[in-house]
Amino acid sequence: MEKAIFHHPRAKIQDYVPIVGRSTIEELRAIAERLSGKTIQNINSTFTGGGVAEILMRMTPLLNQLGVDAQWTTIKGHKDFFDVTKKFHNALHGRQEDISAEDFSLFLEVNKKNADELKFQGDIFFIHDPQPVALIARKKELEGKWIWRCHIDISNPDKGVWEFVRNFVVDYDAAVFSAPNFSQELPIRQFMISPSIDPLSDKNKELSSETIDSVLNKYGMDKDKPIIAQISRFDYLKDPLGVIQAFEMVRKSIDCQLILAGGTATDDPESEKVLEEIRERASGNPDIHILVIPQESDIEINALQQAATVILQKSIKEGFGLTVAEALWKGKPVVASAVGGIQLQVKNKLTGLLCYSVEGAAYALKRLLSNKEYAAWLGNNGREHVRQNFLITRHLKDYLLLFISLYNPSSDTIYL
Amino acid sequence: MIEWLNKNWLSITVPAIVFLAFFVVAIWARKTLYNYLDRLFVKITWEGSRILLHTTRAPFFQWCLIFGAYTAIQIATLSPHTKALTGRILGSIFFISLIWTVIILTERLLKLCLVKLKASPLLPITLIINVVRIAFAVVCILILLDIWGAPTTPLILLFTIGLLVLILASRNEIVNIFSGLQLAHGDLIKTGDYIKLESGEEGYVSDITWRNIQIKASDGRMLLVPNGKFTKTTVTTYREPFKKATQPFRFYTRLHIKELTGLKAKNLSELVSMLREVPDPVVYYHTHNFIEEYQYLIPQPANEFAVWVGDVIGDEILAEKLSNIDTFEFPSVGELRERIIAVINDGLSTRGDRRTAFEGREFHFIKSVSVVLTTPYIAHDLREFVEALRKVSINSLYFHIFESRLRLHKGINDFSIWLQDNLDERELADKIAALDPYNHTIEGLRSIIIQLIEKRIK
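Residues numbered from 1 in each chain as written. Chains lettered and ligands numbered in written order. Predicted model: local features only at pLDDT ≥ 70, side-chain atom pairs only at ≥ 80, totals over all residues.

This next bit is on the interface of chain A and chain B. The partner chain B presents 26 residues to the 35 residues of chain A that form the contact. With six residues, helix α16 (residues 392-406) of chain A is the single largest residue contributor to the side of chain A that touches chain B. For the side of chain A that touches chain B, the class distribution of residues is 15 nonpolar, 13 polar and seven charged. Judged from the three bridges that link them, strand β14 (residues 413-415) of chain A and strand β7 (residues 363-379) of chain B form a sheet pairing that is parallel. From the neighbouring strand, Tyr415 of chain A faces β7 of chain B, where its bridge partner is Val372 of chain B. (Contact = placed C-beta atoms within 7 Å. Helix = DSSP H or I, 4+ residues; strand = E, 2+ residues; numbered from the N terminus. Nonpolar A, V, L, I, M, F, W, Y, C, P; charged D, E, K, R; others polar. Pairing = 2+ DSSP bridges.)

The following block contains the structure:
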């Protein structure tokens, strides 16, 4: 068992006042006050890489600043375990995976070991994603409130894997999903909480033009040519090959360049294979830039997003798609697949353009590259949409309300 | 010893007689002089006379004795060195006594004058008295040094530097003091006034001191604004007292979380069938969610049923009819639900259930779970109300305008109820109640209500 230690200086809750207003922060403090004395233990599988770790890295210190005792621990697992959980992840997203009885046994064995060794401490146990879902076995003994937070798109899951996971989920007090169509038939309460981005993080703060230019120079980009960018983990579910195909359609009529940039997560052993495949597909085209961005290079990712003319997120499946919120927050016009949580962020023709195919993506890209005013209007709406609905302050509010609602299960209006 | 006395009796006796003579004269002079002054001051009826007489009576006698001792020593047969030394000692005692008396006298007279000025809150009495004490003490030290032949120039220089440093260090305080005096003189701000500074601070003035003005804000916070700030910024003062409400208005706020019901409809028949079954908070959520979620968009999108029917089912006619349902007409969620069902049924009977939503584009029924909290903002009159209205969150406005009207079955917004019942502001209450909140963004509503109240206040 590992416990999170926050080395970097974090934003103070007061720093968000200029972005969301004083009254929003006052309201957060008022709700948090009602949770004083309660300890919340977040448990997931990794401290680094991927959206979950990123959100917890930001949320936990802010909850503490609000006076809520929030802690974050991870389960331990070896490569074989994470290979299995990756298969689970893909299967829950609806992909066909070959999962053997041994895989299920290994999953249970690692969970049991963690359940035995993990130091549980809290009034509310907040379990993230399927990897540690079986820790619920300790509920009877530890009591407290147990929440399962599902960050992935399980709108069309592999039935076998979902049934396996569901057997654990039903013992929780509540489940939390990122979008309405991820909800399942469950005998427990289900809440919808969208993830969020932190406007003060290195990945989302304002950058100087010098910083942006220096990053473009570092990667050999032509700053005078329009840039289409997809910033995402190298994963089949992000459809990087479809992105290249759409770009090639656009490139026939508009002189532009493509950035496919991303990092890797420690719990995703498949990314190397994907990267190799797209490098091969893009070889020989000087306008396609495949950039492997190391972890802790958030400024570079930010610079690439800010330098982009249009941002694309052509996912096949998506839990939420934090990169879309990041792009919208930067006021960029976005083209994205109408899947999962993306539909909550991109309201077609209001905050961006949705697409359903490679052709649809190419058509939307061409529209935005050729109509700057329309692109700017969408970008501006997108930024306000994120300010209202997808910033970390809204996320904090939802978590605090979730914890409170667990103690008031039968009421639709809770008076505090 | 006797021999020495026989030899020097004259040089002892004469100074002693002189000193005793001074002693007797001092008693007589004090009695005569003070009786005369007593009679004189009774005629001129000056309040400070008692202080003057009382403070100087004892020191006057002491000074006569000091002078007697000095004269006696001067005529005594002592060495010039001894005479000079005792002269310095007596001179020092005299000046210490004199300065001490002057300090006490000044202090007492100052207090008397300041009390008579009746401006004590803004005048730093203690500070003025301390400054006077220090000034006299410095003069005294300089005179003593002069008596004892010590150089005074370095000390004067040191005092001057110290004084400059002090002035420099406390320049803000000095600005505050002078601003306080200016405020007191100009009668610009009084306790009980409602003031508003350009920099944002506002509230009722609860206290005025020589350093700052204490303001009680509408959220209960006490703000201390340095007096100096009042000379640098625009201050709006509302002196006329506002009518106080019988009960103050406490602003609440409402936050909500979305609870998924697990129900989803893929066509109009399923939509209408589920719409009959779902609880009120679900209907409320789908007819109000857009108000908060898209508050930046003007005009805002229609209710979620209309948007889904238009975007996903593609029935633009039905979408238009659903968009046109005026939520403001309905006093309860139940009646609103019936109207939505009737409109969908009408569409089904004329055009049928033609299309099914793609997978992933179904209508998901969501319930809104509200958490209601108190805010620190309380209004006792219209001024406080309008100022709090500027500051409360949009969630608070939403609660008092939308939620309490429909979901909490009050039929009218909270502001109108309070204005009518507690301030007897019937006309203003009616104007706010007549606003259709569904035709405005929340910020737009805030702005309209503030304008209505400001107009009423003027």
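Okay, back to it.
Attention shifts here to the nonpolar core. If you look at the biggest cluster of nonpolar residues, it comprises 181 residues, and the most contacted ones within it are Ile228, Ala229, Leu304, Val335, Leu365 and Leu400 of chain A. For Leu365 of chain A, the residues in contact, after removing those within four places along its chain, are Ile228, Ala246, Val250, Val310, Leu312 and Val335 of chain A. Counting residues in each nonpolar core, the second largest holds eight residues, with Ile189, Ile195, Ile213 and Phe230 of chain B among its members. (Core = buried A, V, L, I, M, F, W, Y, C linked by C-beta atoms within 7 Å. Buried ≥ 20, exposed ≤ 12 C-beta atoms within 10 Å, placed from the backbone.)

Here we come to unusual backbone geometry. Residues and elements named next belong to chain A. Even without a glycine there, the phi angle at Asp129 is positive, about 65°. Looking at the element boundaries, Asp129 is found in the loop between β4 (124-128) and α6 (139-142). Judged by the 24 C-beta atoms lying within 10 Å of it, Asp129 falls in the buried class.

Bringing the packing of helix α11 (residues 316-323) of chain B against helix α12 (residues 333-351) of chain B into the picture now. Residues and elements named next belong to chain B. Two elements in contact, α11 and α12, have axes separated by 10 Å at closest approach and are oriented at 160°. What the angle tells us is that α11 and α12 run roughly antiparallel. At the point where α11 passes α12, the crossing takes the right-handed sense. In this structure, α11 uses Leu318, Lys321 and Leu322 to contact α12, whose residues at the interface are Ile340, Val343, Ile344 and Gly347. Residue classes in the contact of α11 with α12 are distributed as five nonpolar, one polar and one charged. (Axes fitted to C-alpha atoms, helices over the stretch in contact; angles between N-to-C directions. Parallel < 35°, antiparallel > 145°, perpendicular 65-115°, else oblique. Left-handed = near helix turned anticlockwise from the far one by under 90°.)

Turning our eyes to something else, we now look at the sheet that holds strand β9 (residues 257-262) of chain A. Residues and elements named next belong to chain A. Taken together, the six strands give an open sheet; going across it, the order is β10-β9-β8-β11-β12-β13, and neighbouring strands pair in parallel fashion. Each having just a single partner strand, β10 (288-292) and β13 (353-355) make up the two edges of the open sheet. The mean angle between the axes of side-by-side strands here comes to 20°, regardless of whether they run parallel or antiparallel. Where strand β8 (residues 227-231) lies against β9, five bridges are found, and the strand directions are parallel. Paired with Ile228 across the strands is Leu258, a residue of β9.

This part covers the domain arrangement of chain B. One can read the domain layout of chain B as domain 1 (2-169), domain 2 (179-238) and domain 3 (249-457). Relative to domain 2 of chain B, the C-alpha centre of domain 1 of chain B lies at a distance of 45 Å. (Domains from an automatic or database assignment.)

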